[in-house]
Amino acid sequence: MSYLSKILLYPVKSLDGVEVENARVLATGALQHDREFAIFDEQGRFVNGKRHAKIHLLRSQFPLLNRTISLQMPGSDSQQIFHLDEERQGLEATLSDFFGFAVTFRQNSLMGFPDDTNSLGPTVISTATLAEVASWFPGLSVDEVRRRMRANIEIGGVPAFWEDQLFSEQGNLVSFRVGDVHFFGVNPCQRCIVPTRDSYLGEAYPNFQKIFAAQRQATLPNWVASSPFNHFYRLSVNTQLQPSSAGKTLQIGDQVDILTQ
(Lines give C-alpha, C1' and ligand atoms only; values in the text may rest on other atoms or scores of the structure.)
Protein backbone atom coordinates (compact mmCIF):
# COMPACT_ATOMS: atom_id res chain seq x y z
CA MET A 1 0.00 0.00 0.00
CA SER A 2 1.28 3.44 -0.87
CA TYR A 3 1.22 5.81 2.09
CA LEU A 4 2.48 9.19 3.23
CA SER A 5 5.77 8.46 5.00
CA LYS A 6 7.26 11.94 5.51
CA ILE A 7 6.15 15.57 5.50
CA LEU A 8 8.88 18.18 5.25
CA LEU A 9 8.32 21.91 5.55
CA TYR A 10 10.87 24.59 4.76
CA PRO A 11 9.71 27.64 6.77
CA VAL A 12 12.39 29.91 5.27
CA LYS A 13 13.17 29.43 1.60
CA SER A 14 16.62 27.81 1.16
CA LEU A 15 17.18 27.12 4.87
CA ASP A 16 16.85 23.79 6.71
CA GLY A 17 13.63 21.84 6.73
CA VAL A 18 11.37 20.63 9.54
CA GLU A 19 9.87 17.14 9.61
CA VAL A 20 6.29 17.16 10.93
CA GLU A 21 3.55 14.61 11.62
CA ASN A 22 0.80 16.61 9.92
CA ALA A 23 0.37 19.70 7.79
CA ARG A 24 -2.62 21.87 6.90
CA VAL A 25 -3.17 22.58 3.21
CA LEU A 26 -3.90 26.23 2.43
CA ALA A 27 -6.43 27.37 -0.17
CA THR A 28 -3.61 28.06 -2.62
CA GLY A 29 -2.41 24.45 -2.33
CA ALA A 30 0.70 25.36 -0.36
CA LEU A 31 1.35 23.65 2.95
CA GLN A 32 1.03 25.98 5.92
CA HIS A 33 4.47 27.29 6.99
CA ASP A 34 6.23 25.98 3.86
CA ARG A 35 8.46 28.66 2.31
CA GLU A 36 6.40 31.12 4.35
CA PHE A 37 9.44 33.38 4.66
CA ALA A 38 12.22 34.31 2.28
CA ILE A 39 15.36 36.44 2.34
CA PHE A 40 15.74 39.23 -0.24
CA ASP A 41 18.57 41.52 -1.29
CA GLU A 42 18.26 45.27 -1.90
CA GLN A 43 17.26 44.65 -5.53
CA GLY A 44 14.32 42.51 -4.40
CA ARG A 45 15.92 39.25 -5.56
CA PHE A 46 15.80 36.03 -3.57
CA VAL A 47 18.85 35.32 -1.46
CA ASN A 48 18.77 31.58 -1.99
CA GLY A 49 20.89 28.56 -2.84
CA LYS A 50 20.72 29.30 -6.56
CA ARG A 51 22.49 32.64 -6.17
CA HIS A 52 24.47 32.28 -2.96
CA ALA A 53 26.17 28.97 -2.12
CA LYS A 54 27.16 30.45 1.24
CA ILE A 55 23.58 29.95 2.46
CA HIS A 56 24.29 26.21 2.76
CA LEU A 57 26.58 26.98 5.71
CA LEU A 58 23.71 28.35 7.81
CA ARG A 59 22.07 25.89 10.20
CA SER A 60 18.55 26.67 11.31
CA GLN A 61 15.83 25.23 13.52
CA PHE A 62 12.16 26.20 13.65
CA PRO A 63 10.01 25.46 16.70
CA LEU A 64 6.85 26.21 14.69
CA LEU A 65 4.57 26.63 17.69
CA ASN A 66 6.93 29.22 19.19
CA ARG A 67 7.27 31.17 15.93
CA THR A 68 11.03 31.38 16.38
CA ILE A 69 14.10 30.68 14.28
CA SER A 70 17.38 29.48 15.76
CA LEU A 71 20.41 30.27 13.63
CA GLN A 72 23.87 28.79 14.00
CA MET A 73 26.63 30.52 12.07
CA PRO A 74 29.66 28.69 10.64
CA GLY A 75 32.35 28.18 13.26
CA SER A 76 30.01 28.90 16.17
CA ASP A 77 28.77 26.40 18.74
CA SER A 78 25.97 28.69 19.95
CA GLN A 79 22.62 29.59 18.43
CA GLN A 80 20.97 32.96 18.01
CA ILE A 81 17.21 32.86 18.50
CA PHE A 82 14.78 35.35 16.96
CA HIS A 83 11.01 35.60 17.11
CA LEU A 84 9.82 35.57 13.49
CA ASP A 85 7.19 38.27 14.08
CA GLU A 86 8.64 40.42 16.85
CA GLU A 87 12.41 40.42 16.23
CA ARG A 88 12.55 40.82 12.47
CA GLN A 89 14.97 43.78 12.58
CA GLY A 90 17.55 41.89 14.63
CA LEU A 91 17.21 38.86 12.36
CA GLU A 92 17.77 40.99 9.27
CA ALA A 93 20.85 42.59 10.82
CA THR A 94 22.33 39.19 11.69
CA LEU A 95 21.69 37.82 8.20
CA SER A 96 23.08 40.98 6.58
CA ASP A 97 26.31 40.56 8.57
CA PHE A 98 26.52 36.91 7.49
CA PHE A 99 26.02 37.56 3.77
CA GLY A 100 28.01 40.80 3.67
CA PHE A 101 25.20 42.86 2.14
CA ALA A 102 21.86 44.22 3.31
CA VAL A 103 18.95 41.79 3.28
CA THR A 104 15.30 41.90 4.23
CA PHE A 105 13.15 39.09 5.61
CA ARG A 106 9.66 38.87 4.10
CA GLN A 107 6.57 36.78 4.74
CA ASN A 108 3.76 35.40 2.57
CA SER A 109 1.38 33.32 4.68
CA LEU A 110 -1.04 32.64 1.81
CA MET A 111 1.18 30.88 -0.72
CA GLY A 112 4.73 31.18 0.52
CA PHE A 113 7.56 31.82 -1.94
CA PRO A 114 7.58 28.78 -4.29
CA ASP A 115 9.77 28.41 -7.35
CA ASP A 116 6.80 27.27 -9.46
CA THR A 117 4.08 29.90 -9.04
CA ASN A 118 1.69 27.97 -11.30
CA SER A 119 1.72 24.79 -9.20
CA LEU A 120 1.59 25.76 -5.55
CA GLY A 121 0.87 22.32 -4.12
CA PRO A 122 3.47 20.21 -2.29
CA THR A 123 6.20 18.53 -4.30
CA VAL A 124 5.98 14.73 -4.22
CA ILE A 125 8.68 12.06 -4.29
CA SER A 126 8.96 8.46 -3.11
CA THR A 127 11.43 7.18 -0.55
CA ALA A 128 12.57 4.52 -3.01
CA THR A 129 13.37 7.19 -5.59
CA LEU A 130 15.66 8.96 -3.12
CA ALA A 131 17.41 5.67 -2.40
CA GLU A 132 17.85 4.98 -6.12
CA VAL A 133 19.30 8.43 -6.76
CA ALA A 134 21.66 8.06 -3.79
CA SER A 135 23.00 4.85 -5.36
CA TRP A 136 24.14 6.85 -8.40
CA PHE A 137 26.56 8.92 -6.31
CA PRO A 138 29.20 7.22 -4.14
CA GLY A 139 29.37 8.91 -0.77
CA LEU A 140 25.84 10.36 -0.80
CA SER A 141 23.34 9.06 1.75
CA VAL A 142 19.59 8.90 1.22
CA ASP A 143 19.15 11.69 3.74
CA GLU A 144 21.66 13.89 1.90
CA VAL A 145 19.76 13.38 -1.37
CA ARG A 146 16.55 14.19 0.53
CA ARG A 147 18.10 17.44 1.78
CA ARG A 148 19.23 18.34 -1.73
CA MET A 149 15.87 17.64 -3.42
CA ARG A 150 13.78 19.39 -0.73
CA ALA A 151 10.46 17.72 -1.60
CA ASN A 152 7.49 18.26 0.72
CA ILE A 153 5.81 14.88 0.83
CA GLU A 154 7.40 11.48 0.58
CA ILE A 155 5.57 8.31 -0.40
CA GLY A 156 6.46 4.94 1.12
CA GLY A 157 5.48 1.40 0.16
CA VAL A 158 6.14 1.98 -3.55
CA PRO A 159 9.01 1.34 -6.01
CA ALA A 160 11.41 3.99 -7.28
CA PHE A 161 9.87 6.57 -9.60
CA TRP A 162 6.31 5.63 -8.59
CA GLU A 163 5.54 9.36 -8.51
CA ASP A 164 6.18 9.59 -12.26
CA GLN A 165 2.62 8.25 -12.66
CA LEU A 166 1.40 11.64 -11.46
CA PHE A 167 1.88 13.38 -14.82
CA SER A 168 0.70 12.42 -18.28
CA GLU A 169 1.91 12.31 -21.88
CA GLN A 170 -0.68 14.83 -23.01
CA GLY A 171 0.00 17.23 -20.19
CA ASN A 172 -3.37 16.51 -18.60
CA LEU A 173 -3.58 16.76 -14.83
CA VAL A 174 -3.55 13.48 -12.92
CA SER A 175 -5.89 13.32 -9.93
CA PHE A 176 -4.63 11.63 -6.77
CA ARG A 177 -5.57 11.56 -3.12
CA VAL A 178 -3.51 11.62 0.07
CA GLY A 179 -5.88 10.69 2.88
CA ASP A 180 -8.90 12.85 2.12
CA VAL A 181 -6.90 15.59 0.39
CA HIS A 182 -7.21 15.68 -3.40
CA PHE A 183 -4.36 16.93 -5.57
CA PHE A 184 -3.52 17.09 -9.25
CA GLY A 185 -0.10 16.02 -10.48
CA VAL A 186 1.25 18.46 -13.07
CA ASN A 187 4.80 17.77 -14.26
CA PRO A 188 8.23 16.52 -13.20
CA CYS A 189 10.11 19.22 -11.33
CA GLN A 190 13.02 20.85 -13.14
CA ARG A 191 15.99 20.92 -10.84
CA CYS A 192 18.37 23.84 -10.30
CA ILE A 193 22.00 24.07 -9.22
CA VAL A 194 21.17 23.39 -5.55
CA PRO A 195 21.11 19.54 -5.73
CA THR A 196 24.63 19.57 -7.17
CA ARG A 197 26.01 20.93 -3.88
CA ASP A 198 26.63 19.47 -0.44
CA SER A 199 23.65 20.59 1.63
CA TYR A 200 25.85 21.43 4.63
CA LEU A 201 28.98 22.85 3.02
CA GLY A 202 27.88 24.13 -0.38
CA GLU A 203 30.66 22.24 -2.15
CA ALA A 204 29.86 20.95 -5.64
CA TYR A 205 29.78 17.21 -6.39
CA PRO A 206 31.84 16.72 -9.59
CA ASN A 207 29.69 16.26 -12.71
CA PHE A 208 26.54 15.84 -10.61
CA GLN A 209 24.10 17.15 -13.22
CA LYS A 210 25.67 15.13 -16.04
CA ILE A 211 25.63 11.90 -14.04
CA PHE A 212 22.12 12.55 -12.80
CA ALA A 213 20.68 13.20 -16.27
CA ALA A 214 22.35 10.12 -17.75
CA GLN A 215 21.11 7.86 -14.94
CA ARG A 216 17.64 9.38 -14.95
CA GLN A 217 17.30 8.68 -18.66
CA ALA A 218 18.69 5.15 -18.31
CA THR A 219 16.38 4.25 -15.42
CA LEU A 220 13.22 5.98 -16.67
CA PRO A 221 10.47 3.31 -16.55
CA ASN A 222 9.05 2.52 -20.00
CA TRP A 223 5.55 3.48 -18.82
CA VAL A 224 6.56 7.05 -17.93
CA ALA A 225 5.23 9.87 -20.09
CA SER A 226 8.31 11.01 -21.99
CA SER A 227 7.06 14.29 -23.48
CA PRO A 228 7.57 16.32 -20.25
CA PHE A 229 11.28 15.42 -20.38
CA ASN A 230 12.84 18.01 -22.66
CA HIS A 231 15.86 17.15 -20.50
CA PHE A 232 16.39 14.56 -17.77
CA TYR A 233 17.49 16.79 -14.94
CA ARG A 234 14.04 16.47 -13.42
CA LEU A 235 12.88 14.76 -10.24
CA SER A 236 9.80 14.86 -7.96
CA VAL A 237 6.39 16.07 -9.13
CA ASN A 238 4.79 19.50 -8.95
CA THR A 239 1.15 19.55 -7.87
CA GLN A 240 -1.97 21.66 -7.60
CA LEU A 241 -4.78 21.38 -5.07
CA GLN A 242 -8.37 20.49 -5.89
CA PRO A 243 -10.19 23.54 -4.41
CA SER A 244 -12.61 21.44 -2.34
CA SER A 245 -9.64 20.16 -0.27
CA ALA A 246 -8.59 23.60 0.98
CA GLY A 247 -8.08 23.64 4.72
CA LYS A 248 -7.76 19.86 5.10
CA THR A 249 -4.83 18.20 6.82
CA LEU A 250 -2.22 15.70 5.65
CA GLN A 251 -1.20 13.12 8.25
CA ILE A 252 1.70 10.67 8.31
CA GLY A 253 0.34 7.22 7.41
CA ASP A 254 -2.39 8.55 5.08
CA GLN A 255 -3.09 6.21 2.19
CA VAL A 256 -2.16 7.52 -1.26
CA ASP A 257 -4.34 6.62 -4.27
CA ILE A 258 -4.12 7.60 -7.92
CA LEU A 259 -7.67 8.39 -9.10
CA THR A 260 -7.18 9.13 -12.80
CA GLN A 261 -4.40 8.48 -15.30
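A brief report on the enclosed structure follows. (Residues numbered from 1 in each chain as written. Predicted model: local features only at pLDDT ≥ 70, side-chain atom pairs only at ≥ 80, totals over all residues. Heavy atoms only, no water.)

## Notes on the pairing of strand β4 (residues 37–41)
- Most of β4 is tucked away: 5 of the 5 residues are buried.
- Of the strand pairs in this sheet, β4 and strand β8 (residues 103–107) are connected by 5 bridges, and their pairing is antiparallel. Its bridge partner lying in β8, alanine 38 is registered against arginine 106. (Buried < 20%, exposed > 50% of the residue type's maximum accessible area, 1.4 Å probe, protein only. Helix = DSSP H or I, 4+ residues; strand = E, 2+ residues; numbered from the N terminus. Pairing = 2+ DSSP bridges.)

## Considering the environment of valine 181
- Residue placement: valine 181 occurs in strand β12 (residues 181–190).
- Not counting residues within four places of it along the chain, the set of residues in contact with valine 181 comprises Val25, Phe176, Leu241, Ser245, Lys248, Thr249 and Leu250. (Contact = heavy atoms within 4.5 Å.)

## What about the pattern of salt bridges?
- Applying the stated criterion across every chain yields a total of 14 salt bridges.
- The salt bridge involving aspartate 16 is made with arginine 59; its shortest N-O contact spans 2.9 Å. Linking aspartate 16 in the loop between β1 (3–9) and β2 (18–20) with arginine 59 in strand β5 (residues 59–61), this pair joins segments that are 43 residues apart in sequence.
- In this structure aspartate 16 comes out as buried when scored by relative accessible area, which is 10%.
- With a closest N to O distance of 2.8 Å, arginine 148 and glutamate 144 form a salt bridge. Linking arginine 148 with glutamate 144, this pair stays in helix α3 (residues 142–149), spanning 4 residues, or about one helical turn.
- Classification of glutamate 144 as buried rests on a relative accessible area of 8%.
- When salt bridges with common partners are traced through the structure, they connect Lys13, Lys50 and Asp115 into a single cluster. (Salt bridge = Lys/Arg side-chain N within 4 Å of Asp/Glu carboxyl O.)

## Remarks on the packing of aromatic side chains
- Per the stated rule, a full pass over the model turns up 16 aromatic pairs.
- Taken together, a centroid distance of 4.9 Å and an interplanar angle of 75° make the contact between phenylalanine 98 and phenylalanine 99 edge-to-face.
- Put simply, the rings of Trp136, Phe137, Phe161, Tyr205, Phe208, Phe212 and Tyr233 touch in pairs and so form one group of aromatic residues.
- In this structure, lysine 54 packs its charged tip against the face of phenylalanine 98, placed 4.6 Å from the ring centre.
- When the ring centre of tyrosine 200 is taken as origin, the NZ or CZ atom of arginine 147, which lies over that ring, is 3.9 Å away. (Phe/Tyr/Trp six-rings, centres within 6.5 Å; stacked < 30°, edge-to-face > 60°. Lys NZ or Arg CZ within 6 Å of the ring centre and 35° of its normal.)

## Brief notes about the nonpolar core
- In terms of nonpolar packing, the biggest core is built from 47 residues, with Ile39, Ile69, Leu95, Phe99 and Leu250 touching the most fellow members.
- Among the elements that take part in this core, helix α1 (residues 88–99) stands out by supplying 4 residues, more than any other.
- The residues touching isoleucine 39, leaving out its near neighbours within four places in the chain, are Val12, Arg45, Phe46, Val47, Ile55, Leu95, Phe99, Val103, Thr104 and Phe105.
- Ranked by size, the runner-up nonpolar core spans 15 residues in total, among them Leu130, Phe137, Leu140 and Ala151. (Core = buried A, V, L, I, M, F, W, Y, C linked by side-chain atoms within 4.5 Å.)

## Section: α1
- Given a rise of 1.5 Å per residue, 12 residues ought to cover 16 Å, and the 16 Å separating the end C-alpha atoms of α1 matches this to within 8%.
- For α1, every residue scored as buried is listed here: Leu91, Glu92, Thr94, Leu95, Ser96, Phe98 and Phe99.
- Elements in contact with the buried residues of α1: β4, β6 (68–72), β7 (80–83) and β8. (Expected span 1.5 Å × (residues − 1).)

## Notes on the sheet that holds β6
- Within the open sheet, the 3 strands sit side by side as β5-β6-β7. Their pairing is antiparallel. Looking at which strands have only one partner, the edges of the open sheet turn out to be β5 and β7. Across the sheet, the mean angle separating the axes of adjacent strands is 25° when strand polarity is ignored.
- In terms of strand pairing, β6 meets β7 through 4 bridges, oriented antiparallel. Looking at β7, one finds that threonine 68 is bridged to histidine 83.
- Of the strands in this sheet, β6 and β7 touch α1, which is tilted by about 140° from β7. (Axes fitted to C-alpha atoms, helices over the stretch in contact; angles between N-to-C directions.)

## Things to note about the state of the cysteines
- Tallying each qualifying case throughout the model produces 0 disulfides.
- Take cysteine 189: it sits in no disulfide, and the sulfur closest to it among the cysteines is that of cysteine 192, at 8.1 Å.
- Overall, the relative accessible area of 14% leaves cysteine 189 in the buried class. (Disulfide = S-S within 2.5 Å.)

## Considering the side chain of glutamate 154
- Its place among the elements puts glutamate 154 in strand β10 (residues 153–156).
- In this structure glutamate 154 touches Tyr3, Leu4, Ser5, Lys6, Ile125, Ser126, Thr127, Leu130 and Arg146, once residues within four positions along its chain are discounted.

## Details of the packing of helix α2 (residues 127–135) against α3
- Packing of α2 against α3 brings their axes to within 8 Å, and their N-to-C directions diverge by 105°. As the angle between them shows, α2 and α3 are arranged roughly perpendicular. Packed against α2, whose contacting residues are Thr127, Leu130, Ala131, Val133 and Ala134, the element α3 presents Val142, Val145, Arg146 and Met149 at the interface.
- Taken together, the residues that form the contact of α2 with α3 break down as 7 nonpolar, 1 polar and 1 charged. (Parallel < 35°, antiparallel > 145°, perpendicular 65-115°, else oblique. Nonpolar A, V, L, I, M, F, W, Y, C, P; charged D, E, K, R; others polar.)

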